[in-house]
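Residues per chain, in single letters:
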Amino acid sequence: MANKTCTGAEALIHCIHQHGVEYIFGHPGGAAIPIFDALVDSPIKFILTRHEQGATHMADGMARATGKAGVVLVTSGPGATNTITGIMTAAMDSVPMIVITGQTIQSMLGLDAFQEADVVGISYPAVKHSYLVRNVNDIPRIIKEAFHIAETGRPGPVLIDIPKDVSGAVFEPNYNVEIDLPGYSIPTHGDTAQIARCADFLAKAKKPLLLVGHGAVISDAGRALKLLAEKLQIPVVNTLLGKGGFPETHELNLGMLGMHGTAYANKAVADCDLIMSIGSRWDDRICGKYAAFCPDAVKIHIDIDPAEIGKMIKPDCSIVGDARLVLEELLSMARKGDTEDWLAQCRKWRKQFPLKYGKQGGLKAQYVLDEIYRISKGKAIVTTDVGQHQMWAAQFYKTDSRFHWISSGGAGTMGFGMPAAIGAQFARPDALVIAVVGDGGFQMTLSELATAAVNKLPIKILIINNKYLGMVRQWQALFFENRYSGVDLEGNPNFVKLAEAYGMKGFRIKRNADVSKTLAAALAYNDGPCIIEAEVEKEDNVFPMIPAGSAISEMVLEAPKKAMAKPVGST
Amino acid sequence: MANGINGINGMNGTATKLSVIESKGAKAIPSGNQHAISLLVNNRPGVLIRIALVFNRRGYNIESLVVSPAHNGKFSRMNITASGEPKTLEQIIKQLNKLIDVIHAKDHTDEVTVEKELALIKVNCPSDKRTEILQIAEHFKSQTVDLSESTLMLQVTGSTEKLDAMEMMLDKYGIKEMVRTGKIIMARGSADT
Ligand SMILES: Cc1ncc(C[n+]2csc(CCOP(=O)(O)OP(=O)(O)O)c2C)c(N)n1
Ligand SMILES: [Mg+2]
């Protein structure tokens, strides 16, 4: 097939468009100008962000709302380094993303040219793969490979660094290229013998438990999972990122486990005789002290990434494969054991140790979240920032379906929530998108208010304003004798006025009595974005809590009377 | 893709294009924590650093590293000897295999393989000691590759242990310089490395 000549940049944008990409998020600069020029004639819509980190979180939010790679385009040097936090955030949570960085011309590489940064070198530990494009003819193949790598297997970010002389070079592109990745293979079906063993274990277990992680969400295993849990009558717990993998309102669901999980989920984990992880990596947030984690339970691990098997927990049975395909096969082999007593026990725990919060005194963040869940009927796409509000949102905003919970888990990146909501709203223009953010994290990327406002995105930004870096303050209160250090957010702006400064609508909630009325008004407001500032109690703490590095049995349900021992876990 | 280097390399049987990053003093006899790892990787810039980072992040020290184009010049062979916690090694191998540029990575510790290393040793050699040193050289089947008034350069190949032993024997004459290639490994028989 004969092609007309074009620039490398034009071929690049053409390939990205061919892949079905509608939006690119980013910020321009000298080394990327040829690529921005190519965007002028492309149907792809470019979304100018106010900071490159914002662009990465928007692409991330879009990816988590769709399962397809989000695309970022930035310039060299500082533009490129500003994407690193977002790349690492995506990598930690297995989110597909393509980050294209402009680069200085090849003859100047390594000579400390203006705005030259070795971004490929800087990003090695944070990417699934990366490219420095040295030959314009490679562009069609590299773009094809990059999307393939980013979106398949265990997804992740791919960085493509393009020197300006490559993006500016004129050539005759051949789009009819094959990918060339001899070192890359994607596990699909699991080993049938192992799946059969797994079925035997499940049939024998008296107190089995399913642990749903992000992998189940990514692989769309929800349907198979629901059929399996119902057929075998097994209770289900989920990780922070597993929210939506199995309906949290389902009677078999015990909610989130781990550090700030529900008491009944953690009690079930501590007491089960079999725990089967579907796409979770037994992260330290959910296991606590490894030596004490379910010592007598049979552990089954289903994961698409062989490197996860045996990394944290030595499983009794492991299956490497796509979670959906593995569960579908397991479904046909699985036999129901006797779980009635176990289910009764779980129901008892649920009654005995419900999630709760004080109804007296000042405005409670939990109440605000409980209400926004009720008023939005649990249908919203919820993004969060990182901190206490994130944990409360995870506890009180139950998630029933895939792609409806978007939160930075592995990285815990403050500043993630609001830009992620922007990306999600672009992907799902008709959906109700709520960003639950803290007053601290929100200020890390608040410049993206302009991006939300100018694009008239009807995102609802709920700021849980406790005037503190609350989660850190909580640790200092519980483990460091209330010696507050570096956590007071004195100097916060007036967030309602801030909204107005961007031409947005601002709502304020100060009292319990205002909550439903104001939230209803805010959710009904659709002329662009709005901020809802909830001035909550300053020194409330998140419970239940398992101190970092402690056994699940050391869970505390409410504020202890005396100071607690300093946690042994890292953070 | 095949380049000239590959042809030379394949034909005369010796590694003509070896790059050795680090070769520690051979005093450290391979202990339980020494591991022999082989990799088949894409022959591209940046591959080495991705591999090195996997070791570095998990506290492994790379003792020796040999990189050469494979028979198919599209790929390179890497042989790495590294030391660290044995239980970390499994994770390192898995993480190496996860790299897009790695076709495969294998641990050969405690496996039957052919392992060879080459060393150049420049030893102090006044004329009155020459016969004595040449006797040692002969014992280890090494070759004299350079000779001066006061020094002798020997080339020796064989197992790491053999090279260590020869080094020990020459030590008392005063070794001025020594370079070792690091271990290269190949599986015996029809098995793949
Ligand atoms: C970029 C970044 N810096 C620091 C931290 C450590 N950290 C975790 S939670 C937290 C406090 C967050 O405060 P805020 O956004 O007000 O939320 P709150 O906990 O008060 O709800 C901090 C500083 C982090 N997770 N990310
Ligand atoms: Mg706060």
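Criteria and thresholds
- Residues numbered from 1 in each chain as written.
- Chains lettered and ligands numbered in written order.
- Predicted model: local features only at pLDDT ≥ 70, side-chain atom pairs only at ≥ 80, totals over all residues.
- Heavy atoms only, no water.
- Helix = DSSP H or I, 4+ residues; strand = E, 2+ residues; numbered from the N terminus.
- Buried < 20%, exposed > 50% of the residue type's maximum accessible area, 1.4 Å probe, protein only.
- Contact = heavy atoms within 4.5 Å.
- Areas by Shrake-Rupley, 256 points an atom, 1.4 Å probe, with all protein chains shown as cover.
- Lys, Arg positive; Asp, Glu negative; His and termini not counted.
- Charge placed at Lys NZ, Arg CZ, Asp CG, Glu CD.
- Near = heavy atom within 4 Å.
- Polar contact = N/O pair within 3.5 Å; in protein donor to acceptor, adjacent residues only side chain to side chain.
- Nonpolar A, V, L, I, M, F, W, Y, C, P; charged D, E, K, R; others polar.
- Arc of directions from axis to C-beta.

A.B. asks: Sorry if this is basic, but what is going on with the overall build of chain A here?
C.D. replies: The secondary structure content of chain A amounts to 23 helices and 20 strands. Its C-alpha atoms give chain A principal-axis dimensions of about 70 × 60 × 40 Å. Here chain A holds 571 residues, and 60% of them are scored as buried. Taking as baseline every contact in chain A between residues at least 6 positions apart, the subset at least 24 positions apart corresponds to 75%. Of the roughly 21900 Å² of accessible surface on chain A, a fraction of 52% belongs to carbon and sulfur atoms. Taking the average location of the 57 positive side-chain charges in chain A and that of its 59 negative ones, the two points are 8 Å from each other.

A.B. asks: Any chance you could explain the site of ligand 1 here in plain terms?
C.D. replies: All names here are of chain A. As a matter of local geometry, ligand 1 sits amid 18 residues, with Gln388, Gly412, Asp439, Gly441 and Gly470 nearest to it. The separation between an oxygen atom of ligand 1 and a polar side-chain atom of Asn466 is 2.9 Å. Contact between ligand 1 and Tyr468: an oxygen atom at 3.0 Å from a main-chain N or O atom of the residue. Protein chains bury 76% of the 580 Å² of accessible surface belonging to ligand 1 in isolation. Of all the elements in the fold, those that place two or more residues in the shell around ligand 1 are α17 (388-396), α19 (439-442) and α21 (470-479). Looking at the shell around ligand 1 residue by residue, the class counts come to 8 nonpolar, 9 polar and 1 charged.

A.B. asks: Honestly, helix α23 (residues 515-524) of chain A in this entry has me stumped. Any pointers?
C.D. replies: Residues spaced three or four apart along an α-helix face the same direction, because each turn holds 3.6 residues. Residue and element names in this part refer to chain A. Taken together, the buried positions of α23 are Val515, Thr518, Leu519, Ala522 and Leu523. Seen end-on, α23 carries its buried residues on one side only, within an arc spanning 130 degrees. Turned more than 90 degrees off the buried face of α23, the exposed positions are Lys517 and Ala524. Of the surrounding elements, those touching the buried residues of α23 are α16 (365-375), β17 (433-438), β18 (460-465), β19 (505-509) and β20 (530-535).

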